[in-house]
Amino acid sequence: MRRAWLVRVAMAAVPVMVIAGVSTAASASAHKATAHKSTTISTEVTLYGWDDNSPPGCATAYSGCARSGGTFAKPTTFATDKAELAVGTIVYYAPLKRYFVMGDDCVACDNDWTSSHKRHIDLWAGGFSGDNANALFACEDHWTVGSGAQVIVNPPSGMPVANNGLGGPIFRKNNTCWHPG
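Residues numbered from 1 in each chain as written. Predicted model: local features only at pLDDT ≥ 70, side-chain atom pairs only at ≥ 80, totals over all residues. Heavy atoms only, no water.

S.K.: Would you mind showing me how to read the confidence of the model for the chain here?
M.R.: Close inspection of predicted coordinates is inappropriate in any region flagged by low pLDDT. Looking at the chain, the pLDDT average stands at 84 and 81% of residues meet or exceed 70. Counting contacts from residues 1–33, a segment whose pLDDT is below 50, to residues more than four positions away or on other chains yields 65 contacts. (pLDDT = per-residue confidence, 0-100. Contact = heavy atoms within 4.5 Å.)

This is how it looks when you write it as C-alpha cells:
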C-alpha cells in the first residue's frame, strides 16, 4: 500500500544549473570546505524511488537526477523541506550505512515542517525504468521509520558505508532490497 506522503514535486523543466549551481559531488566538496559541527537529530525517515517519484523517474527539484552512491564523496540523494535542511546538506543514516545529500523536495516533508516543524526526510531508494514497482515499494516500506529515527547532520567522513565501503543503491537492479550482512 503506497502512502500519500511519498508524493514528490520534481521541477524537471527548470535547468539544473540554475537551481542547484553545483553537482552532487561538488556539494560533498563544498560541504568539506564549509564543514559545520555534526549534530544528531530525531526525524521521520521515509523512502522514495523511481516509481513513486513525481513524475516517475529520477528527476529532482534541485540536483538533476537522484543518485544512489552512499559514500561521503558521492552521497545518495534525499528530499525534505529546504527550510529544514538546506540544499547540499549531507546526513548519515546508520541503519542504511550510507551518506545522503539534500537535493530534492518532498511535499509531505514540506507540510510537516511548515505546519509543526516536525522533522521528516525522504531517502532515495533507487529504482529504474521497467523495475518491479511492488518490490521497490516493499523495500521502501521495510526501511521507513516513524518519528524517532536518528540521523547525523554534517557527519564526519569515515563512517561505515555499506558494501565494504562502496555504498550503492538500496533497491538494486535485480529487484531486491539491500540488507546488511
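So much for the structure itself; the text now carries on.
S.K.: Looking at this structure, how should I read the state of the cysteines?
M.R.: Each disulfide consists of one covalent bond between the sulfur atoms belonging to two cysteines. The tally for this structure, following the rule as stated, stands at 3 disulfides. Between Cys106 and Cys109 runs a disulfide, and the two sulfur atoms are separated by 2.4 Å. Between Cys106 and Cys109, the disulfide has an S-S torsion of 70° and is therefore right-handed. Grouping residues by exposure puts Cys106 and Cys109 together as buried. Covalently, Cys139 is tied to Cys177 through a disulfide, its sulfur atoms 2.1 Å apart. Because the sign of the S-S torsion sets the handedness, a value of about 65° for the bond joining Cys139 and Cys177 places this disulfide among the right-handed ones. Here Cys139 is found in helix α4 (residues 133–143), whereas its partner Cys177 is found in the segment after α5 (162–165), with 38 residues between them in sequence. For Cys177, a relative accessible area of 13% corresponds to the buried category. Ordinal numbering of bonded cysteines along the chain defines a disulfide pattern of 1-2, 3-4, 5-6. (Disulfide = S-S within 2.5 Å. Buried < 20%, exposed > 50% of the residue type's maximum accessible area, 1.4 Å probe, protein only. Helix = DSSP H or I, 4+ residues; strand = E, 2+ residues; numbered from the N terminus.)

S.K.: Would you mind going over the side chain of Asn53 with me for this structure?
M.R.: Its place among the elements puts Asn53 in the loop between β1 (39–49) and β2 (76–79). Polar contacts involving the side chain of Asn53 include one to the main-chain carbonyl oxygen of Ala59, which spans 2.9 Å. (Polar contact = N/O pair within 3.5 Å; in protein donor to acceptor, adjacent residues only side chain to side chain.)

S.K.: I keep staring at helix α3 (residues 107–116) and nothing clicks. Help me out?
M.R.: The complete set of buried residues in α3 reads Ala108, Cys109, Asp110, Asp112 and Trp113. In the core, the buried residues of α3 are packed alongside β1, β2 and β5 (120–126).

S.K.: How should I be thinking about the environment of Ser63 in this particular structure?
M.R.: By the element assignment, Ser63 lies in the loop between β1 and β2. With 40 residues separating them in the primary sequence, Ser63 and Gly103 have C-alpha atoms 5.1 Å apart.

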